[in-house]
Amino acid sequence: MPIDMNVKVPNKEGLDAFAQMAVKLGFTGFASTLSMSDPFEKLENGVTLLTRTDVNVKGIRAVTRAVEKARSSSTVISVPLGESRVASWAAEDSRVDLLSVPYPLKGVSLRKSTAKLAAASDTALEISIAPLLGVSGLMRSKVVKVLREATQTALDAGMPIVLSSGSDSPITMRSPRALCYVGLLLGLDWHGSEKAVYENPDRIFERNKKRLSPDYVGPGVEIVERGDPS
Amino acid sequence: MKSRRKRYVRFRLHMDGPPVSDKQLASAVRMSLLSIYGEVEVADSRFFLNEYDESGGLGILQCNAASLDNLMTSAVLLSSIDGTRVSFEPKRTSGTIRALKKRAT
């Protein structure tokens, strides 16, 4: 089930156009930072809209607070790669779903140690392809370099990878199959690309759907039946 | 001599703006392939646009099997063609054009 984990819908009025494009391209859902009443909801055309929170604050304390606050209302929580201490903290925290590669890419890199921590807590590296679309020539080669290095570090550490569009308009969205081809450019094989587009996003969604359920108590503990209080 | 295996790809070009002609599309794909993978890859790809409907954006292209991945990546990374914003969607790949058309019906 392909889900685009990063679609930048500017406002609620623009949501329909993105949803229509998602259906045309074959997505079953997409995640957006648009504030919604529910963590995820099915839209009229059958596509599922997931609420996403990008934690763009500095310092571990501020990030901890932001993640705590967002966990109960967001299906997807992403922390951008930046300060290494924050990235390592986020990689270790199982409440964080994605470590994303931010744009501009200056000074962005994924450390081996961060990738290993992320692999252990099943936090995925999110690579949005949007920076590759707006540039060409030498500038594109610089973007490709950073993204390929991050991908290779994640692969070596066994960290899951998620490929998303990062689109800010419907026409910059790409189909799941198209995203798989970009994965090849980043150094993934076809199987790895498919996993990054079809399997990993869906796994994150299913995991968090369970977590957001009122019957969820903690990892491995959930209420299967409620007794009669009388 | 080793025979060159071909691949046929059915695709859709989503457009936001004036329609893109077959010549414009073919040229843009070649330029993108040239920019990312170089002159030898453009030469080896043997890329050709078999069919293309300007209004709907549906079409079939053919290329050398070994160059398929690079060609598709180059096409997917196209963001605009002569002012029209585009999104290239590869739909199905086949070894023969007949099989591709058969599956479409």
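Residues numbered from 1 in each chain as written. Chains lettered and ligands numbered in written order. Predicted model: local features only at pLDDT ≥ 70, side-chain atom pairs only at ≥ 80, totals over all residues. Heavy atoms only, no water.

**Looking at the layout of surface pockets**
What counts here: Grid spacing is 1 Å over the protein atoms alone, the probe is 1.4 Å, and a cavity is where that probe fits but cannot get out, while a pocket is an open set with protein on both sides within 12 Å along at least five of seven lines and lining residues have an atom within 4 Å of a point. Grid points are joined across faces, edges and corners, and a volume is the space filled by probe spheres set on the points.
Volume-wise, the largest pocket comes out at about 510 Å³. Looking at the largest pocket, it is lined by 27 residues, and the ones nearest its centre are Asn 6, Lys 8, Tyr 103, Ser 128 and Gly 166 of chain A.

**A few points about the confidence of the model for chain B**
Residue and element names in this part refer to chain B. The line we're drawing: The pLDDT score gives, residue by residue, the confidence of the prediction method on a 0 to 100 scale. The helix count covers DSSP runs of H or I at least four residues long, the strand count covers runs of E at least two residues long, and both are numbered beginning at the N terminus.
Model confidence for chain B is summarised by a mean pLDDT of 93, while 95% of its residues fall at 70 or above. The spread of mean pLDDT over the elements of chain B runs between helix α4 (residues 97-104), the lowest at 84, and helix α3 (residues 68-76), the highest at 97. The ipTM value of the predicted complex is 0.94, and its pTM value is 0.92.

**Considerations on the sheet that holds strand β4 (residues 80-81) of chain B**
All names here are of chain B. Defined as follows: Being paired, for any two strands, means DSSP has found at least two bridges between them.
If you walk across this open sheet you meet the five strands as β2-β3-β1-β5-β4, and the pairing is antiparallel. Each end of this open sheet is capped by a strand with a single partner; those strands are β2 (48-52) and β4. The pairing of strand β1 (residues 6-16) with strand β3 (residues 58-64) spans seven bridges and is antiparallel. Looking across to β3, one finds that Arg 10 is bridged to Ile 60.

**A few points about the interface of chain A and chain B**
To be explicit about the condition: Any two residues whose heavy atoms approach within 4.5 Å are treated as being in contact. Throughout, buried area stands for the accessible area (probe radius 1.4 Å) lost by two parts on being put together, summed over both. Salt bridges are defined as contacts in which a side-chain nitrogen from Lys or Arg sits within 4 Å of a carboxyl oxygen from Asp or Glu. In protein, a polar contact means a hydrogen-donor-capable atom and an acceptor-capable atom, both N or O and within 3.5 Å, with residues adjacent in sequence counting only if both atoms are side-chain atoms; elsewhere, any N or O pair within 3.5 Å suffices. Each residue gets one of three labels, nonpolar for Ala, Val, Leu, Ile, Met, Phe, Trp, Tyr, Cys and Pro, charged for Asp, Glu, Lys and Arg, and polar for the others, Gly among them.
Listed per partner, the contact involves 19 residues of chain A and 24 residues of chain B. Taking both sides of the interface into account, the surface hidden between chain A and chain B amounts to around 1,700 Å²; carbon and sulfur atoms contribute 59%. If you look at where chain A meets chain B, you find zero salt bridges. At the surface where chain A touches chain B, the tally comes to 10 residue pairs in polar contact (both at pLDDT 80 or more). Elements represented by at least two residues in the side of chain A that touches chain B include exactly α1 (15-25), α5 (130-133), α6 (137-157) and α7 (176-185) of chain A. Of the residues forming the side of chain A that touches chain B, the biggest block, six residues, is contributed by α7 of chain A. Among the residues making up the side of chain A that touches chain B, the classes are represented as 11 nonpolar, four polar and four charged.

**Let's talk about the nonpolar core**
As a reminder of what qualifies: Grouping buried Ala, Val, Leu, Ile, Met, Phe, Trp, Tyr and Cys residues that are joined through side-chain atoms within 4.5 Å yields what is termed a nonpolar core. Buried, partly exposed and exposed residues are distinguished by accessible area as a fraction of the type maximum, computed with a 1.4 Å probe on protein chains only: under 20%, between the cut-offs, and over 50%, respectively.
Among the nonpolar cores identified, the biggest contains 88 residues, and Phe 30, Leu 125 and Leu 132 of chain A together with Leu 25 and Leu 61 of chain B are the most heavily contacted of them. Every residue in contact with Leu 132 of chain A, bar those within four places of it in the chain, is listed here: Arg 140, Val 143, Val 144, Leu 147, Val 182, Leu 185 and Leu 186 of chain A together with Leu 77 of chain B. Formed by 10 residues, the second largest nonpolar core is a distinct cluster that contains Met 5, Leu 50, Ala 124 and Val 162 of chain A.

**Side note on helix α1 (residues 22-37) of chain B**
For clarity, the threshold we go by: Between the first and last residue of a helix there are one fewer steps than residues, each counted as 1.5 Å, and that sum is the expected span.
Between the first and last C-alpha of α1 of chain B there are 22 Å, a value that for 16 residues agrees with the 22 Å anticipated at 1.5 Å per step. The inward-facing, buried residues of α1 of chain B abut α6 of chain A together with β1, α2 (39-45), β2, α3 and β4 of chain B.

**Side note on the side chain of Ser 67 of chain B**
Residues and elements named next belong to chain B. Mapped onto the elements, Ser 67 comes out in the loop between β3 and α3. Its relative accessible area of 2% is what places Ser 67 among the buried residues. Each residue touching Ser 67, except ones within four places of it in the same chain, is listed here: Glu 41, Asp 44 and Ser 45.

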